[in-house]
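# Structure at a glance
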Amino acid sequence: MQTVLHTAESRGNAHHGWLQSRHTFSFADYYDRNRMNFGVLRVINDDQVAGGQGFGTHPHRDMEIISIPLEGDLAHKDSMGNVKGIPPGEVQRMSAGSGVVHSEFNHAEGQTTHFLQIWIEPNKFGGKPEYSQEAYSEAEKRGRFVQVIKPYEQAATADNARAINIHADASLWVGLFDGAESLERDLSGKHKYYLHMARGSVVVNGETLNAGDAAMFDGETHLSLKNGNQAEVLLFELSK
């Protein structure tokens, strides 16, 4: 069994005036040879974008990119013709494929947009870029995990019917836990897992994790969540 904790304070830190960003893995000017990735999970950036500011048009290719707003709306525009607003509670996925350009913006003056941007390395390269977006209510995430991302190869079931397909050997669940809400879950020995605290706090296998903290599981067979305090939790299941 191997469990490794990543504290929020150990992340990379970038301040650009209009953007405050914390990097879980090496990104841009932050480099740590021991924090390059966890399996195909390459980036978790915790970004806060000032009102009236944003990321100008820029390119991507061969990456599965997921955005999860936590506070404030995120405006998206891309070369596929998508012009979208992404509010909290929704999950957006863009498959960069052979190449796409896009921008992300916070148009609300005086209001910060706080979101997670996640990059997952694909198992298919050079394909046609794709875009997906789905809303998940607070009620359906309360006290349980809802699968929001799944591999194209995973068969559809009643439990993952609204999960967004990606070209990667990775799945993502999101759950909300507060007070007496708890969860017990068996973990597959065929995968490794990365648990990221988007906000709040919760006790994970006996350890209290706070916003920005994370735990890596490789060989762990069980996951326990309890004593949450307004916790929003992301759980990645990744190929070994």
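As a starting point, this report considers the structure included with it. Just so it is clear, the structure is predicted and the values come from calculations on it, not from any experiment. (Residues numbered from 1 in each chain as written. Predicted model: local features only at pLDDT ≥ 70, side-chain atom pairs only at ≥ 80, totals over all residues. Heavy atoms only, no water.)

## So, the overall build of the chain
A count of helices and strands for the chain gives 1 helix and 20 strands. Computed over its C-alpha atoms, the radius of gyration of the chain comes to 17 Å, within 12% of the 18 Å expected for a compact globule of 240 residues. C-alpha atoms of the chain, sized along the principal axes, occupy 45 × 40 × 40 Å. For the chain, the proportion of contacts with a sequence separation of at least 24, taken over those separated by at least 6, is 73%. Here the chain has roughly 10,800 Å² of accessible surface; of this, 47% comes from carbon and sulfur atoms. For the chain, the distance from the average position of its 22 positive side-chain charges to the average position of its 31 negative side-chain charges is 4 Å. (Helix = DSSP H or I, 4+ residues; strand = E, 2+ residues; numbered from the N terminus. Rg over C-alpha atoms; globule rule 2.2 N^0.38 Å. Contact = heavy atoms within 4.5 Å. Areas by Shrake-Rupley, 256 points an atom, 1.4 Å probe, with all protein chains shown as cover. Lys, Arg positive; Asp, Glu negative; His and termini not counted. Charge placed at Lys NZ, Arg CZ, Asp CG, Glu CD.)

## Some points on the environment of His 114
Inspection of the secondary structure assignment puts His 114 in strand 11 (residues 113-120). Each C-alpha atom, one on His 114 and one on Asp 46, is 7.5 Å from the other, the two residues being 68 residues apart in sequence. When residues no more than four places from it in sequence are discounted, the contact partners of His 114 are Asp 46, Asp 47, Gln 48, Pro 69, Leu 70 and Glu 71. Within the structure, His 114 has its side chain in polar contact with the side chain of Asp 46 (distance 2.5 Å). (Polar contact = N/O pair within 3.5 Å; in protein donor to acceptor, adjacent residues only side chain to side chain.)

## Brief notes about the sheet that holds strand 11
Taking strand neighbours across the sheet as the criterion, the 7 strands line up as 2-3-4-11-6-9-12 in an open arrangement whose pairing is antiparallel. Every other strand in the sheet has two partners, leaving strand 2 (12-15) and strand 12 (130-135) as the edge strands with one partner each. Geometrically, the sheet is characterised by an average inter-axis angle of 15° between neighbouring strands, direction not taken into account. Relative to strand 11, strand 6 (residues 64-71) is paired through 7 bridges, and the arrangement is antiparallel. Bridged to Ile 65 within strand 11 is Trp 119. (Pairing = 2+ DSSP bridges. Axes fitted to C-alpha atoms, helices over the stretch in contact; angles between N-to-C directions.)

## Comments concerning the sheet that holds strand 5 (residues 53-60)
Spatial strand order, 5-10-7-8: 4 strands in an open sheet with antiparallel pairing. Each edge of the open sheet carries a strand with a single partner, namely strand 5 and strand 8 (83-86). Ignoring strand direction, the axes of neighbouring strands in this sheet form an average angle of 20°.

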